[in-house]
Amino acid sequence: MQPESPPRRPLLVANWKMNGLHGDGLARASALAHHAASGDCAGDIVVCPPATLLFALRAVFAGTRIALGGQDCHVSAEGAHTGDVSAAMLADAGCAYVIVGHSERRASHGESNAWVAGKSAAAHAAGLTAIVCVGESAAERDAGRALAVIGRQVEDSLPAGATPGNTAIAYEPVWAIGSGRTPGPADIEAAHAEVRSGWERQFSGSGAALRVLYGGSVTARNAGDILDAPGVDGVLVGGASLSADAFWQICQACR
Ligand code: 13P
């Protein structure tokens, strides 16, 4: 029993990646805020813009149901880390969430599981919910190693203080990101079950409350089927989140 654990309320996360200047970012955020004010969605909505837009979007989302998230944070709270952003800075800018361990950062910045665990710990120390990304490459899936890779990433990318209240895990198969290809429902279900098992191996018995999101080529068209798959507690959306209308349709697909 985990009395501190929240129920598994769906989590719908927009990851704008490195897209959005002041003008178009504000316009997109305003359109989404307008949708959220007038329509219905059964989950929690988070937008993760580029760091340069955080303060501006905090003003746009003030008084709405849309929360703000960062796309990455450093393991340290402050110091000589040119170009990096700390979790405390994200919290100061109005964030409640931060994505860590995205495969694009694991690949282009050489981030290891241990480094990702450090970032998650930094996020928790700043009061942020960490959205920890895991997922296999095409070669790993073709070699029949997808579940083993996912399980290992989950076990090694989480810090000691992780709970279902301060952490969500996003399963994002690398080969599905930006490709227009998605795993079938059975593969998503198996991967999410492995994420939950990996969590339970680390933190005995507390996996039932953990939110496990799917990410990789989620669109307004496929979101309903993906969100209906067993064990899917939300989505992490890249390309389709760059349209306020498309992302809002995804939010509404959450039943
Ligand atoms: P796409 O939705 O563009 O495939 O990106 C997924 C992703 O990487 C979200 O973090």
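**Student:** Looking at this model, I keep getting lost on the site of the ligand. Mind explaining?
**Tutor:** Every residue near the ligand is listed here: N15, K17, H102, E172, A176, I177, G178, G216, S217, L236, G238 and G239. Between the ligand and H102 there is a distance of 2.8 Å, counted from an oxygen atom to a side-chain nitrogen or oxygen. One nitrogen or oxygen atom from the main chain of G238 is found 2.9 Å from an oxygen atom belonging to the ligand. Out of a free accessible area of 300 Å², the ligand has 94% covered by protein chains. Looking at side-chain class alone, the shell around the ligand contains three nonpolar, seven polar and two charged residues.

**Student:** So what exactly am I meant to see when it comes to the pattern of salt bridges here?
**Tutor:** Any two side chains of opposite charge can pair if their charged atoms end up close together. Going through the model one piece at a time under the given rule, you end up with 15 salt bridges. Here E155 ties to R201 by a salt bridge, and the two come within 2.7 Å at their closest N and O atoms. Of this pair, E155 sits in helix α7 (residues 146–156) while R201 sits in helix α8 (residues 185–202), and the two are 46 residues apart along the sequence. Among the residues examined, R201 registers a relative accessible area of 45% and is labelled partly exposed. The closest approach of N and O atoms between D233 and R196, which form a salt bridge, is 3.0 Å. Here the residue D233 occupies a position in the loop between α9 (223–228) and β8 (234–237), and R196 occupies one in helix α8, the gap between them amounting to 37 residues. Assigned by exposure class, D233 and R196 land together as buried.

**Student:** Where do I start with the side chain of N113 in this structure?
**Tutor:** As for its position among the elements, N113 is in helix α5 (residues 113–125). Here N113 falls in the buried class, since its relative accessible area comes to 18%. A polar contact is formed between the side chain of N113 and the side chain of S157, at a distance of 3.2 Å. Sequence-distant contacts of N113, defined by excluding residues within four places in its chain, comprise R106, R152, Q153, D156 and S157.

**Student:** Even after reading the chapter, I still don't get the packing of α5 against α7, so can you show me in this structure?
**Tutor:** The geometry of α5 relative to α7 is characterised by a closest axis approach of 8 Å and an angle of 45° between their N-to-C directions. Judged on the interaxial angle alone, α7 and α5 are oblique. Two secondary-structure elements touch here, α5 through N113, A114 and A117 and α7 through R152, Q153 and D156. Across the contact of α5 with α7, the residue classes break down as two nonpolar, two polar and two charged.

Conventions and cut-offs
- Residues numbered from 1 in each chain as written.
- Predicted model: local features only at pLDDT ≥ 70, side-chain atom pairs only at ≥ 80, totals over all residues.
- Heavy atoms only, no water.
- Near = heavy atom within 4 Å.
- Polar contact = N/O pair within 3.5 Å; in protein donor to acceptor, adjacent residues only side chain to side chain.
- Areas by Shrake-Rupley, 256 points an atom, 1.4 Å probe, with all protein chains shown as cover.
- Nonpolar A, V, L, I, M, F, W, Y, C, P; charged D, E, K, R; others polar.
- Salt bridge = Lys/Arg side-chain N within 4 Å of Asp/Glu carboxyl O.
- Helix = DSSP H or I, 4+ residues; strand = E, 2+ residues; numbered from the N terminus.
- Buried < 20%, exposed > 50% of the residue type's maximum accessible area, 1.4 Å probe, protein only.
- Contact = heavy atoms within 4.5 Å.
- Axes fitted to C-alpha atoms, helices over the stretch in contact; angles between N-to-C directions.
- Parallel < 35°, antiparallel > 145°, perpendicular 65-115°, else oblique.

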